[in-house]
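# Close look at the chain arrangement
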Amino acid sequence: MLTSKQKELLLFIHERIKADGVSPSFDEMKEALNLASKSGIHRLIVALEERGFIGRLPNRARALEVLKLPDSATPNAPPRGRGTFRPSVVGAAKPQMAANTIPVLGRIAAGVPIEAIQHEIDRVTPPIDFNDSEAHYALEVKGDSMIDAGILDGDIVILHRTDSAQSGDIVVALIDEEEATLKRLRKKGDSVALEAANPAYETRIFGPDRVRVQGRLVALVRKYD
């Protein structure tokens, strides 16, 4: 569920906090991961924060804390290669398959390209009837970056398979062919902005060649316990 760089950074932060009591600086992270700039570290930190692996401590320098580690993580041996994607099943019971059910392909936050998902893990009945259900897929939302758009952690979003979208659409966007995220797309001249619907998260702006639309939000399903 994490890219190799995201997992490597998470384990590096974890080990430094254990050893020193504080998280490493961005310069130390950049050097440890052999990245060219701190902007790359910032993108990794945002992705880990959105996925709930790290949090920020208020009013403290180097204010990061590790909230959880990947189940397969070995802290003393940070992985260097890209791991196998193992999605979590949505819900405890598998529903009966209906003619217009939509496949659930995994979780969406940041870090898992759609192409990395090899098979469906569940099916969900959409709240509206689609003429072509095969043109749609569903993902479980992980994180709170879109709460002001009414999209909550654990919701199932249904997306139309498309590589284009209008400014203002909520989309699954693939950044740098590596990081997938659910955000509102804004076109600003030659740039593309990906906006969170939560003031705690910043708007991220990219060149058009760095962002590829993977799907456009068309419906939402919420499960209640």
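First things first, this report covers the structure right here in the doc. Here the residue numbers are simple positions, counted from 1 along each chain's written sequence. Reporting in this predicted model follows two pLDDT cut-offs: at least 70 for local features of residues, and 80 or more for side-chain atom pairs to be given and counted; totals over whole chains, interfaces and linings ignore these cut-offs and use all residues. The side-chain quantities take in all heavy atoms of the structure and omit both hydrogens and water.

This next bit is on unusual backbone geometry. The phi dihedral of Asn-34 is positive, around 60 degrees, even though this residue is not glycine. Mapped onto the elements, Asn-34 comes out in the loop between helix 2 (26-33) and helix 3 (38-50). Taking relative accessible area as the criterion, Asn-34 reaches 70% and is therefore assigned exposed. Comment: elements are numbered from the N terminus, with helices defined as DSSP H or I runs of at least four residues and strands as E runs of at least two. Type-normalised accessible area, obtained with a 1.4 Å probe on protein chains alone, sets the label of each residue: buried when under 20%, exposed when over 50%, and partly exposed for intermediate values.

Here we come to the packing of helix 2 against helix 3. Taken N-terminus to C-terminus, the directions of helix 2 and helix 3 make an angle of 95 degrees; their axes are 9 Å apart at the nearest point. Between helix 2 and helix 3, the angle is such that the two are roughly perpendicular. Residues Phe-26, Asp-27, Met-29, Lys-30 and Leu-33 of helix 2 form the contact with helix 3, whose own contacting residues are Lys-38, Ile-41, His-42, Leu-44 and Ile-45. Class assignment for the residues of the contact of helix 2 with helix 3 results in 6 nonpolar, 1 polar and 3 charged. To obtain each axis, a line is fitted to C-alpha atoms, and for helices this fit is confined to the stretch in contact; angles are then taken between N-to-C directions over 0 to 180 degrees. Angle categories are assigned with fixed cut-offs, so that under 35 degrees is roughly parallel, over 145 is roughly antiparallel, 65 to 115 is roughly perpendicular, and the rest are oblique. We call two residues in contact when some of their heavy atoms are within 4.5 Å. Residues were grouped as follows: Ala, Val, Leu, Ile, Met, Phe, Trp, Tyr, Cys and Pro as nonpolar; Asp, Glu, Lys and Arg as charged; and all remaining residues, including Gly, as polar.

Before going further, it helps to spend a moment on empty space enclosed by the protein. Space inside and on the surface of the protein is sampled on a 1 Å grid over the protein atoms alone, with a cavity defined as a set of points where a 1.4 Å probe fits but cannot get out and a pocket as an open set with protein on both sides within 12 Å along at least 5 of 7 lines; lining residues have an atom within 4 Å of a point. Grid points are joined across faces, edges and corners, and a volume is the space filled by probe spheres set on the points. A full pass over the atoms with the stated rule returns 1 cavity of 30 Å³ or more. By volume, the largest cavity is sized at about 80 Å³. What lines the largest cavity is a set of 13 residues, among which Ala-109, Val-141, Lys-142, Ser-145 and Leu-182 lie closest to the centre. If you tally residues by element for the lining of the largest cavity, the top one is strand 8 (residues 179-188), at 3 residues.

The criterion for strand pairing is that DSSP finds at least two bridges linking the strands in question. Taken in spatial order, the 9 strands make up an open sheet running 4-3-5-6-11-7-8-9-10, and their pairing is mixed. Of all the strands in the sheet, just strand 4 (122-124) and strand 10 (204-206) have a single pairing partner and so form its edges. Neighbouring strand axes in the sheet, compared pairwise and without regard to direction, differ in orientation by 45 degrees on average. Pairing analysis gives 5 bridges linking strand 5 (residues 136-141) to strand 6 (residues 156-160), with the strands arranged antiparallel. The residue bridging His-136 from the neighbouring strand is His-160, located in strand 6.

This part covers helix 3. To estimate the expected span of a helix, count its residues, drop one, and scale the result by 1.5 Å. Taking 1.5 Å of rise per residue, 13 residues should cover 18 Å, and helix 3 covers 18 Å from first to last C-alpha, within 8% of that figure. Those residues of helix 3 lying buried are Gly-40, Ile-41, Leu-44, Ile-45, Val-46, Ala-47, Leu-48 and Glu-50. The inward-facing, buried residues of helix 3 contact helix 1 (4-20), helix 2, strand 1 (54-56), strand 2 (64-66), strand 8 and strand 10. Of the residues flanking the end of helix 3, it is Gly-52, one or two places downstream, whose phi is positive at about 85 degrees.

For this analysis, a salt bridge means a side-chain nitrogen from Lys or Arg found within 4 Å of a carboxyl oxygen belonging to Asp or Glu. Tallied over the full model, the rule gives 9 salt bridges. One salt bridge in this structure joins Glu-8 and Lys-5, with 4.0 Å as the shortest N-O distance. Here Glu-8 pairs with Lys-5, and both are found in helix 1, just 3 residues apart, close to one helical turn. Take Glu-8: its relative accessible area is 6%, and that puts it in the buried class. By relative accessible area, which is 24% here, Lys-5 ends up partly exposed. When the shortest N-O distance is used, the salt bridge between Arg-107 and Glu-140 registers 3.1 Å. Of the two residues, Arg-107 is situated in strand 3 (residues 102-108) and Glu-140 in strand 5; the sequence distance between them amounts to 33 residues.

Any functional reading would require information that these geometric values do not contain.
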